[in-house]
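# Notes for the structure review
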Amino acid sequence: MLFLLFLLVSNTFFSQAAILECDFETSCNDFSTDSNWGLTNGLNPQPIDHDHTLDNSSGHYIFYNPQDTGFQIAEIKTSDWLELSNNRTVCFRMWYYTPRINLPFYIQLIQGDDEQLIRVIDSIIGKDPSTNDWALVNITLPSEKFKIAIRLNTTGRPLAFDDISVDYCDESHPPPPSKVLYQCNFESSCSDDFVSLPAYPYQWSILKASDAIQIENQAPKTDYTFDNSSGHYAILPNSKQFVKGKVGYLHLQSELNITSEESYCLNLYYYAFGRSYASDLNVYLQLSNESKIIQRIWPLRPGSYYTYNRNQWTWGIINLPIGEYTLLFRADSTDVIPLSFALDNIAILSCAYPSTERSSYENLLSFSCTFDDLTMCNMINDADTSVSSRFNFTVFNGETLPDKELGPSRDHTTNSTTGGFLYWNRNLPFTAKDVGRVYQSTSIAQNLGMCVKFSYYVKSATVRKNGTQISLSAGGCYGASLWFGHWTIVKVGKQ
């Protein structure tokens, strides 16, 4: 009796179904295929005369059958998200056959509901030189949340797949769990780490779901964490003051220090609500050296290239670059019809991506310069050499000014002879075509309601005669003139 019981228990254990499996002998629901794949068996070889499962001609497998001769990506992908625990090792396995030495395909992990974050976990070049039969692909999977995709972008053939599965494997050391660098679901004191920047027209709030819908009737009725009306989330309630061009920033003040020793990913859940499709939610990093330098890191495809899911909690993820910085969550209005956002479950977890450097493209959250440190604050002179009578702007103070009769003896900031100012340094002979142009080397992340404030000083060498013009313009794709001044008499110290 005990022997029979042992056989029964053993049989039950060893016949446990895989986590995911497709042997193509029955309907495959765990993996989805696009139109570039066909189903056959060994009786109709495409190209091999037996499958792997049954090892006979009646067994089935799928084969690559590209439907277009142009560039395209063929794909087989898990139908649902995998979120693996770290107490047992899990492997992805599949068998493939091709007689070609060079017919590459890739195994990738996909993350985020937008499926923007992708990494290759294995590359298969083509035929396994050790066999003329089916060859095994066996990959240990990390303890993260992802989908698995098999992709190729070649029109070459033949290529066949069989017995694709995700299952527990015999590796002795399961992958380590994800490390938590930061985590907040807005249900505890971690909410104090978030501040809505006060200088902007839209203000974020952290509210209970039942309270949020009293303010915004299209706001999420439940949070993501507990999926009930008592849970909290961060929300930007703006429908009553909605204006195209306005923005609001939520600042996560906890400083991050990402090094090359270990990669981390930012995970967030957002909920877009409203009647428009045109507003944006972006995540920026802000450098931690007291500068106003920011850089957009999510989503990977911004603006019109990215579509936000509406009226549902959606997972976003991005691997973080190396550096010391804090995070800014910016929501802005790019249409006249209201659309806004809520955020929940913000977590920074270790992830197996290669370390990356920050992009060279940066913005400024704001800009100010008094020139009192006698630098131009990274402003640069126009280097256009087509204008022969171009003169540069230079920083001077009242003591170093080359023409003390023409320029100011004191600066505006401190009203002292040692305070710096930016001076258009012309040289003789003066002409009516003399010009100088100075601009910021880094653009500003603009929004409606921003102001430009500066002090100027104009003086002519001839009494009651002055032909100087000063103009202020915005550059970039939507450049425009903002302000213009022309004087025929002396004007000194205007602000």
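Quick caveat: nothing in here was measured; it's all calculated off a predicted structure. (Residues numbered from 1 in each chain as written. Predicted model: local features only at pLDDT ≥ 70, side-chain atom pairs only at ≥ 80, totals over all residues. Heavy atoms only, no water.)

## Some thoughts on a nonpolar patch on the surface
Together, Val452, Phe454 and Leu482 line one region of the surface with nonpolar side chains, adding up to about 280 Å² of accessible area. Classification of Phe454 as partly exposed rests on a relative accessible area of 32%. (Patch = residues over 30% accessible without salt bridge, like charges linked within 9 Å, V, L, I, M, F, W, Y side chains within 5 Å. Areas by Shrake-Rupley, 256 points an atom, 1.4 Å probe, with all protein chains shown as cover. Salt bridge = Lys/Arg side-chain N within 4 Å of Asp/Glu carboxyl O. Buried < 20%, exposed > 50% of the residue type's maximum accessible area, 1.4 Å probe, protein only.)

## Examining the environment of Tyr264
As for its position among the elements, Tyr264 is in strand E18 (residues 264-274). The class for Tyr264 is buried, based on a relative accessible area of 10%. Along the sequence, Tyr264 and Ala352 sit 88 residues apart, while their C-alpha atoms lie 7.9 Å from each other. Reaching out from Tyr264, the side chain makes a polar contact with the side chain of Glu262 at a distance of 3.5 Å. (Helix = DSSP H or I, 4+ residues; strand = E, 2+ residues; numbered from the N terminus. Polar contact = N/O pair within 3.5 Å; in protein donor to acceptor, adjacent residues only side chain to side chain.)

## A short note on the pattern of salt bridges
Using the criterion set out here, one finds nine salt bridges in the structure. We note a salt bridge from Glu75 to Lys77, for which the minimum N-O separation is 3.8 Å. Residue Glu75 shares its accessibility class with Lys77, and that shared class is buried. Salt bridges here are not isolated pairs; linked through shared partners, they connect Glu75, Lys77, Glu115, Lys147 and Arg151.

## Quick notes on the layout of surface pockets
Computed from the structure, the second largest pocket encloses a volume of approximately 440 Å³. Around the second largest pocket sit 20 residues that line it, and Glu83, Lys145, Asn267, Ala347 and Leu349 are the ones nearest its centre. In terms of residue count, strand E23 (residues 339-350) provides more of the lining of the second largest pocket than any other element does, four residues in total. Its residues assigned to classes, the lining of the second largest pocket shows nine nonpolar, eight polar and three charged. (1 Å grid on protein atoms, 1.4 Å probe; cavity = no way out; pocket = protein on both sides within 12 Å on 5 of 7 lines; lining within 4 Å. Points joined across faces, edges and corners; volume = space filled by probe spheres on them. Nonpolar A, V, L, I, M, F, W, Y, C, P; charged D, E, K, R; others polar.)

## Overview of empty space enclosed by the protein
One water molecule sets the probe size; rolling that probe over the atoms shows where empty space is left. Counted according to the given criterion, the structure contains one cavity of 30 Å³ or more. Within this model, the largest cavity holds a volume of roughly 30 Å³. As for the largest cavity, its lining consists of Tyr96, Tyr97, Thr98, Lys127, Asp128, Thr131, Asp133 and Ala135. Split into classes, the residues belonging to the lining of the largest cavity amount to three nonpolar, two polar and three charged.

## A look at the state of the cysteines
By the definition in use, this model includes five disulfides. Shown here is the disulfide that connects Cys265 with Cys351, its sulfur atoms set 2.1 Å apart. Taking the sign of the torsion about the S-S bond as the criterion, the disulfide between Cys265 and Cys351, at about 90°, is right-handed. Placement of Cys265 in strand E18 and of Cys351 in the loop between E23 and strand E24 (363-364) is noted, with a sequence separation of 86 residues between them. Taken as a pair, Cys265 and Cys351 share a single burial class, namely buried. At a sulfur-sulfur separation of 1.9 Å, the disulfide partner of Cys369 is Cys377. (Disulfide = S-S within 2.5 Å.)

## Considering the nonpolar core
Nonpolar side chains in soluble globular proteins tend to end up buried together. Counting residues in each nonpolar core, the largest one holds 55 residues, and the members touching the most others are Tyr270, Leu327 and Phe329. With sequence-adjacent residues up to four places away left out, Leu327 is seen in contact with Leu250, His251, Leu252, Leu256, Leu266, Tyr284, Leu285, Ile297 and Ile348. Core analysis: the second largest hydrophobic core is formed by 32 residues, Phe24, Leu84, Leu103 and Ile107 among them. (Core = buried A, V, L, I, M, F, W, Y, C linked by side-chain atoms within 4.5 Å. Contact = heavy atoms within 4.5 Å.)

## A closer look at the pairing of strand E11 (residues 145-152)
With eight of its eight residues buried, E11 lies for the most part within the structure. Of the two faces of E11, the one carrying Lys145, Lys147, Ala149 and Arg151 and the one carrying Phe146, Ile148, Ile150 and Leu152 are both buried. Pairing of strand E5 (residues 74-78) with E11 involves four bridges; the strand directions are antiparallel. Each bridged residue has a counterpart across the sheet, and for Glu75 the counterpart in E11 is Arg151. Two elements, strand E6 (residues 82-83) and E11, share two bridges in a ladder whose sense is antiparallel. By the bridge assignment for E11, Glu83 is matched with Lys145. Inspection of the sheet shows strand E8 (residues 105-111) paired to E11 by five bridges, in the antiparallel sense. Paired with Tyr106 across the strands is Arg151, a residue of E11. (Pairing = 2+ DSSP bridges.)

## Here's the deal with the sheet that holds strand E17 (residues 247-258)
Read across the sheet, seven strands follow the order E14-E17-E22-E19-E20-E24-E29 without closing on themselves; strand pairing throughout is mixed. One side of each edge strand has no neighbouring strand; the edge strands of this open sheet are strand E14 (194-196) and strand E29 (443-444). Direction of pairing for E24 relative to E29: parallel, over a ladder of two bridges. Bridge pairing in E29 links Asn363 to Ser443.

## Digging into the packing of aromatic side chains
What the rule picks out here adds up to 22 aromatic pairs. A centroid spacing of 5.1 Å and a plane angle of 70° characterise the contact between Trp81 and Trp315, whose relative ring orientation is edge-to-face. Separated by 234 residues along the polypeptide, Trp81 in the loop between E5 and E6 and Trp315 in strand E21 (residues 314-319) bring together distant segments of the chain. The class for Trp315 is buried, based on a relative accessible area of 3%. Joined through ring pairs, the aromatic side chains of Trp37, Tyr64, Tyr96, Phe105 and Phe161 make up one cluster. The residue whose ring lies beneath Arg119 is Tyr353, and the NZ or CZ to ring-centre distance is 4.4 Å. (Phe/Tyr/Trp six-rings, centres within 6.5 Å; stacked < 30°, edge-to-face > 60°. Lys NZ or Arg CZ within 6 Å of the ring centre and 35° of its normal.)

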